[in-house]
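If you want the building blocks of each chain, they are given just below.
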Amino acid sequence: MAAKYIKEAADGFYEEKKSRFISTIFPLSTEEDALARIQEVRKRYYDARHHCFAYVIGAKNEISRQSDDGEPSQTAGMPILSVLLGNDIHNALIIVTRYFGGTLLGTGGLVRAYTSAAKDAVEHAELLTLQNGFRVSGEIPYTLVGKIKYMAETMQIREESSEYTDKVKMTWLVPEEKKEQFETQIRELSGGSVSLAMDKAQWYNL
């Protein structure tokens, strides 16, 4: 599963037996970001009973924290964390605020509610996938531009830029697994007349 990142904050909601679970997922870059967001949500929902959360930071989740914030142990923070890990989401925080509805939900009910609220926030978020590959550029004769554009589109390779002078300087973002095929196609279409420059790169795909 490819690592995913959150483009911007998104909200979710779940209700069970009149208890309301309001969730928000945030993109993060540091642990300080996480703590600031948690305080922000605590102030926004100052009259709520619980603000449970989980967050992960780093390409390999080097930092990972979760809190039940007064709920029975393992019924809130861990289920929220499991949603992040299960979706391979990195550098993100999910906070679930609970307004108690007057009826105890039990351990299983709490796990289900916090999981559902966290999942709803993820479902409303725009997820980005981190792609490893190469930034490839070359000077293309005008006579070949149409054919090469069509080939790149067919291979689902993103064109990053094009500059029109006496030739067309084109730059593409080529995933690692498509690099050899792309080079071969350029060589065949140009009869070996187009040379390519490439550097390792990372970018986000929607």
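Just above sits the structure.
Overview of the structure.

It is worth spelling out the overall build of the protein at this point. Within the protein, the regular secondary structure consists of five helices and 10 strands. Computed over its C-alpha atoms, the radius of gyration of the protein comes to 23 Å, more than 25% above the 17 Å expected for a compact globule of 206 residues. Of all 206 residues assigned to the protein, the portion counted as buried reaches 44%. Counting 25 positive and 29 negative side-chain charges, the protein places the averaged centre of each group 3 Å from the other.

Before going further, it helps to examine the pattern of salt bridges. Enumeration according to the criterion identifies 10 salt bridges in this entry. Among the salt bridges present, the one from Arg98 reaches Glu71, with a minimum N-O distance of 3.0 Å. In this pair, Arg98 sits in strand β6 (residues 92–99) while Glu71 sits in the loop between β5 (63–67) and α2 (77–86), placing the two residues 27 residues apart along the sequence. On the accessibility criterion, Arg98 (4% relative accessible area) is buried. With a relative accessible area of 8%, Glu71 lands in the buried category. Of the charged contacts, one joins Glu160 and Arg135 as a salt bridge, the two residues approaching to 2.8 Å between their closest N and O atoms. Of the two residues, Glu160 sits in strand β8 (residues 158–164) while Arg135 sits in strand β7 (residues 127–140), which places them 25 residues apart along the sequence. Arg135 sits in the partly exposed class, given a relative accessible area of 33%.

The next thing to look at is the sheet that holds strand β2 (residues 10–16). Here we have five strands laid out as an open sheet, ordered β2-β3-β6-β4-β5, and antiparallel in their pairing. Two strands lie at the open edges of the sheet, namely β2 and β5, each paired on one side alone. When strand polarity is set aside, the average angle formed by the axes of neighbouring strands in this sheet is 15 degrees. Judged from the seven bridges that link them, strand β4 (residues 50–57) and β6 form a sheet pairing that is antiparallel. Bridged to Val56 within β6 is Ala92.

This brings us to helix α4 (residues 142–154). Its 13 residues give α4 an end-to-end C-alpha distance of 19 Å, which sits within 8% of 18 Å, the value for a rise of 1.5 Å per residue. The complete set of buried residues in α4 reads Leu144, Val145, Ile148, Met151 and Ala152. Where α4 is buried, its residues touch β7, β9 (168–175) and α5 (179–190). The first or second residue beyond α4 is Gln156, which carries a positive phi of 60 degrees.

What follows is about unusual backbone geometry. Despite not being glycine, Lys18 has its phi angle at roughly 70 degrees, a positive value. Its place among the elements puts Lys18 in the loop between β2 and β3 (19–27). Among the residues examined, Lys18 registers a relative accessible area of 64% and is labelled exposed.

For the rest of this paragraph, the subject is the packing of α4 against α5. With their axes 11 Å apart at the nearest point, α4 and α5 run at an angle of 155 degrees to one another. Of the possible angle classes, the one that applies to α4 and α5 is roughly antiparallel. In terms of crossing hand, the pair formed by α4 and α5 is right-handed. Contacts between α4 and α5 pair Leu144, Lys147, Ile148, Met151 and Ala152 from the former with Phe182, Gln185, Ile186, Leu189 and Ser190 from the latter. The residue makeup of the contact of α4 with α5, split by class, is seven nonpolar, two polar and one charged.

Counting 25 residues, the largest nonpolar core has Phe21, Ile25, Ile80, Leu84, Ile94, Val96 and Tyr114 as its most contacted members. Residue assignment for this core shows that the elements contributing at least two residues are β3, β4, α2, β6 and α3 (106–124). At seven residues, α3 tops the list of elements feeding residues into this core. Not counting chain neighbours up to four residues away, the residues in contact with Phe21 comprise Gly12, Phe13, Tyr14, Val96, Thr97, Arg98, Leu105, Ala113, Tyr114 and Ala117. Listed in part, the 17 residues of the second largest apolar core include Ile140, Ala152, Trp172 and Ile186.

Cut-offs applied
- Residues numbered from 1 in each chain as written.
- Predicted model: local features only at pLDDT ≥ 70, side-chain atom pairs only at ≥ 80, totals over all residues.
- Heavy atoms only, no water.
- Helix = DSSP H or I, 4+ residues; strand = E, 2+ residues; numbered from the N terminus.
- Rg over C-alpha atoms; globule rule 2.2 N^0.38 Å.
- Buried < 20%, exposed > 50% of the residue type's maximum accessible area, 1.4 Å probe, protein only.
- Lys, Arg positive; Asp, Glu negative; His and termini not counted.
- Charge placed at Lys NZ, Arg CZ, Asp CG, Glu CD.
- Salt bridge = Lys/Arg side-chain N within 4 Å of Asp/Glu carboxyl O.
- Pairing = 2+ DSSP bridges.
- Axes fitted to C-alpha atoms, helices over the stretch in contact; angles between N-to-C directions.
- Expected span 1.5 Å × (residues − 1).
- Contact = heavy atoms within 4.5 Å.
- Parallel < 35°, antiparallel > 145°, perpendicular 65-115°, else oblique.
- Left-handed = near helix turned anticlockwise from the far one by under 90°.
- Nonpolar A, V, L, I, M, F, W, Y, C, P; charged D, E, K, R; others polar.
- Core = buried A, V, L, I, M, F, W, Y, C linked by side-chain atoms within 4.5 Å.

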